[in-house]
Amino acid sequence: MSEGSADGPVLIASNRGPVSFRLGDDGRLSARRGAGGLVSGLSSVTDHTSDALWVCAALSDADRAAVREAPGGRLGHDGTPGGSGVHMLDIPPAVFQRAYNAVANSTLWFVHHMLYDTPNQPHFGIAFAREWDSFRSYNRAFAEALAQDAGPARPPGQAGRPVRALIQDYHLTLAPRMLADLRPDVRVAHFSHTPWAPPAYYRMLPDAVGKEVLDGVLGADHAGFLCQRWADAFLDCCEAVLGPDGAQVDRARQLVSYRGHVTGVGVHPLGVDAAELSARAAEPDVQARLASLAEATGDRKLIVRIDRTELSKNIVRGLAAYRELLVAYPQWRERVVHVAFAYPSRHDLPEYREYTARVQRLAREISEEFGTADWDPLILQVDDDYARSLAAYRLADVLLVNPIRDGMNLVAKEGPILSDRGCALVLSREAGAAAELSADALMINPFDVSGTAQALHEALGMPDAERERRSRSLARAGSAVPPATWFADQLAALDRLDRPDELDRPDRLDRLDR
Ligand code: F6P
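Fair warning: this is a prediction, and the values are worked out from it, not measured in the lab. Here, residues in each chain are numbered from 1, in the same order as that chain's written sequence. With pLDDT at 70 or above as the cut-off, local features in this predicted model cover only qualifying residues; side-chain atom pairs require 80 or more to be listed or tallied, and sums for whole chains, interfaces and linings still use all residues. To obtain the side-chain values, all non-hydrogen atoms of the structure were used and water was disregarded.

### Quick notes on the pairing of strand 7 (residues 164-168)
Looking down a regular strand, the side chains alternate between one sheet face and the other.
Line of reasoning, step 1. Burial of strand 7 is extensive: five of the five residues sit out of reach of the surface.
Line of reasoning, step 2. Only protein chains enter the accessibility calculation, which uses a 1.4 Å probe; a residue whose area is less than 20% of its type maximum is buried, one above 50% is exposed, and one in between is partly exposed. The secondary structure listing takes helices from DSSP runs of H or I that are at least 4 residues long and strands from runs of E that are at least 2 residues long, numbered from the N terminus. Residue alternation in strand 7 divides its side chains into two sets, Arg164, Leu166 and Gln168 and Ala165 and Ile167, and both sets are buried.
Line of reasoning, step 3. Of the strand pairs in this sheet, strand 1 (residues 10-13) and strand 7 are connected by four bridges, and their pairing is parallel. Bridge pairing in strand 7 places leucine 11 opposite alanine 165.
Line of reasoning, step 4. When DSSP finds two or more bridges between a pair of strands, those strands are recorded as paired. Two strands pair when backbone bridges link them, and strand 7 and strand 8 (residues 187-191) are joined in this way by five bridges, in the parallel orientation. The residue bridging glutamine 168 from the neighbouring strand is phenylalanine 191, located in strand 8.

Put into structure tokens, the structure is as follows:
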């Protein structure tokens with residue numbers, strides 16, 4: 001990687017990268033921007049950073065074909081073979097599928113979001129051993145790539161900034177330890193974009209697996225979380241699973257000492273770059289969607305939700321709450337439309353396919369039950385159209401964000417920033433964003449369908465002046481930590497390890513000598 005910039009070289013690692021490929025009918029590959037909150041947050045930073053290299057996995061056959069055409073898997077952010085900025089790893093498909101689908105998405109995601117139907121799942125039998133082994137191989141592939149991309153090892157005591165590696169999310173929880181073992185001279189941070197499970201739930205993982213995940217994260221110099229609640233749950237797990245003889249947890253300073261190394265734990269809430277988002281939402285494709293959505297809904301009030309079709313997003317209970325609203329408060333019939341955009345996600349997993357079908361079934365039932373000749377109470381779209389989502393934000397009177405559990409939830413932050421008239425936010429207390437937005441949102445228990453219906457009623461009836469005031473305040477809170485600041489904070493947390501005032505902490509000395 002290139003060296004010598006003022007900021008020093010930075011490596012980023014995440015499962016999904018900033019670019020993905022599609023194979024057209026003509027057999028040609030075309031590149032497009034990677035999807036998801038993590039990718040868009042990080043992309044908005046790396047687009048302006050010349051000295052960052054992003055290591056990611058090839059997710060599909062098209063990605064693998066692109067990697068094979070690119071020397072060393074090097075690509076530009078726009079997908080140019082041999083470009084700089086991206087290193088895409090061609091992990092064997094069977095290993096990747098087991099690591100991504102079976103472990104990351106069906107196990108760790110379910111644990112941290114507490115999604116198991118426990119009488120039946122999880123079931124850690126013979127197949128899991130192989131899946132776990134693949135998860136290790138997948139993490140090792142990242143650690144080895146990062147070790148290589150970090151360039152020549154830096155001798156202890158050498159002046160200048162060390163290479164810093166920012167490893168993202170639950171897919172890569174083992175990689176920090178593996179990288180620290182390979183390259184003790186690299187400063188390593190791990191960031192969790194999900195919640196962290198409380199010990200009683202986390203302990204569903206086989207004991208050795210639970211320990212290995214914690215050990216993996218504790219290989220990092222810094223472990224970041226989106227809110228204090230998830231950081232506390234991580235510290236609770238360190239205490240409960242690794243035990244007082246294994247890990248020493250200093251709550252006041254948020255440090256964990258384990259295996260002779262100290263990991264700092266930090267809270268870095270991720271927000272929105274309001275100027276960039278507003279500029280995007282003013283573009284012609286959004287204007288066009290705005291016109292067609294306005295035509296379809298007339299002068300009715302809009303309750304908007306925008307999600308991946310994701311179990312943790314609680315879309316079915318959200319629809320049930322809308323149905324209850326129309327039953328319990330019939331005065332809203334014909335005066336409101338629920339716009340629900342639920343984009344396809346993780347369709348390799350049967351639970352997600354079944355969930356999507358349930359969402360579609362319930363939406364149909366609501367339309368049939370309440371719809372009239374000139375009123376369709378519900379618009380459900382399950383295809384991905386970013387410009388249409390931005391248009392919906394602009395028109396929203398009420399934004400419904402009711403996840404069972406969510407690391408942050410950027411929809412709750414984006415909506416108030418973009419809404420033309422100001423929107424009332426109905427927000428789950430189980431979203432990480434609640435820590436920053438609860439003062440101006442209508443807070444709900446996501447399992448309480450009747451409570452959610454009541455909150456929708458209050459939100460729809462909120463006086464204009466109050467709605468606009470609250471929405472402005474939500475927009476301020478949602479844009480307080482744009483991705484660039486979030487990113488810089490994590491680098492700063494690593495840099496603090498090199499500051500002289502850290503020297504009086506004997507527990508840090510082994511790291512400072514690296
Ligand atoms: O941690 C959550 C997250 O990584 C989000 O950033 C992103 O929206 C989502 O998961 C994407 O999941 P996947 O890559 O499996 O589609």
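### Topic: the environment of asparagine 445
Line of reasoning, step 1. Mapped onto the elements, asparagine 445 comes out in the loop between strand 18 (442-444) and helix 16 (449-460).
Line of reasoning, step 2. Overall, the relative accessible area of 25% leaves asparagine 445 in the partly exposed class.
Line of reasoning, step 3. A sequence separation of 329 residues divides asparagine 445 from tyrosine 116, and the C-alpha atoms of the two residues are 19 Å apart.
Line of reasoning, step 4. Here, two residues are considered to be in contact whenever any of their heavy atoms come within 4.5 Å of each other. With residues near it in sequence (within four places) discarded, asparagine 445 still touches Arg429 and Thr452.

### Comments concerning the packing of helix 3 (residues 93-113) against helix 4 (residues 126-149)
Line of reasoning, step 1. Packing of helix 3 against helix 4 leaves a shortest axis separation of 8 Å and a crossing angle of 110°. Taken together, the axes of helix 3 and helix 4 are roughly perpendicular relative to one another. Seen from helix 3, the contacting residues are Val95, Phe96, Arg98, Ala99, Ala102, Val103, Ala104, Thr107 and Leu108; seen from helix 4, they are Phe128, Arg130, Glu131, Trp132, Ser134, Phe135, Ser137 and Tyr138.
Line of reasoning, step 2. In this count, Pro and Cys sit with the nonpolar residues alongside Ala, Val, Leu, Ile, Met, Phe, Trp and Tyr, while Asp, Glu, Lys and Arg are called charged and the others, Gly among them, polar. Residues belonging to the contact of helix 3 with helix 4 are distributed by class as follows: 11 nonpolar, three polar and three charged. Note on method: axes are straight lines fitted to C-alpha atoms, helices fitted across the in-contact stretch only, with angles between N-to-C directions ranging 0 to 180 degrees. Roughly parallel here means an angle under 35 degrees, roughly antiparallel means over 145, roughly perpendicular means 65 to 115, and every remaining angle is called oblique.

### Comments concerning the nonpolar core
Line of reasoning, step 1. By nonpolar core we mean a set of buried residues, namely Ala, Val, Leu, Ile, Met, Phe, Trp, Tyr and Cys, connected to one another through side-chain atoms within 4.5 Å. Counting residues in hydrophobic clusters, the biggest one holds 174 residues, and the most contacted among them are Trp196, Tyr202 and Phe234.
Line of reasoning, step 2. Apart from the residues lying within four places of it in its own chain, the contact partners of tryptophan 196 are His112, Tyr202, Val213, Leu214, Val217, Phe225, Trp230, Ala233, Phe234, Cys237 and Arg405.

### Considering the site of the ligand
Line of reasoning, step 1. Here, proximity means that at least one heavy atom of the residue falls within 4 Å of the molecule or strand. In the vicinity of the ligand, the residues found are Arg16, Gly36, Gly37, Leu38, Tyr100, Asn105, Trp109, Asp169, His193, Thr194, Arg308 and Arg346.
Line of reasoning, step 2. To measure how exposed things are, a 1.4 Å probe is used in the Shrake-Rupley method; for residues, cover is taken only from the protein chains shown. Expressed as a share of its isolated accessible area of 390 Å², the protein-covered part of the ligand is 86%.
Line of reasoning, step 3. Residue composition of the shell around the ligand, grouped by class: three nonpolar, five polar and four charged.

### A few points about the side chain of serine 389
Line of reasoning, step 1. Topologically, serine 389 is positioned in helix 13 (residues 386-395).
Line of reasoning, step 2. Discounting residues that sit within four places of it in the chain, serine 389 has contacts with Ile306, Phe341 and Tyr343.

### A few points about the packing of helix 11 (residues 315-328) against helix 16
Line of reasoning, step 1. One can describe the packing of helix 11 onto helix 16 by two numbers: an axis separation of 8 Å at closest approach and a directional angle of 60°. Crossing handedness for the pair helix 11 and helix 16: right-handed. Between helix 11 and helix 16, the residues in contact are Arg317, Ala320, Ala321, Tyr322, Glu324 and Leu325 and Val449, Ser450, Thr452, Ala453, Leu456, His457 and Leu460, respectively.
Line of reasoning, step 2. Tallied by class, residues from the contact of helix 11 with helix 16 come to eight nonpolar, three polar and two charged. Crossings are classed by handedness, with left-handed meaning an anticlockwise turn of the near helix from the far one by less than a right angle and right-handed meaning a clockwise turn.

### Describing the pattern of salt bridges
Between side chains of opposite charge, a pair can form as their charged atoms come close.
Line of reasoning, step 1. What counts as a salt bridge is simple: a side-chain nitrogen of Lys or Arg found within 4 Å of a carboxyl oxygen of Asp or Glu. Applying the stated criterion across every chain yields a total of 32 salt bridges.
Line of reasoning, step 2. Residues aspartate 285 and arginine 280 are paired through a salt bridge, measuring 2.8 Å at the closest nitrogen-oxygen approach.
Line of reasoning, step 3. The class for aspartate 285 is partly exposed, based on a relative accessible area of 27%.
Line of reasoning, step 4. Exposure remark for arginine 280: the relative accessible area of 22% places this residue in the partly exposed category.
Line of reasoning, step 5. The partner of arginine 470 in a salt bridge is glutamate 466, with the nearest N and O atoms 2.8 Å apart. Residue arginine 470 and its partner glutamate 466 are both found in helix 17 (residues 464-478); the two are separated by four residues, about one turn of the helix.
Line of reasoning, step 6. Given a relative accessible area of 27%, glutamate 466 falls into the partly exposed group.
Line of reasoning, step 7. Linked through salt bridges whose partners overlap, the residues forming this network are Asp61, Arg64, Arg68 and Asp90.

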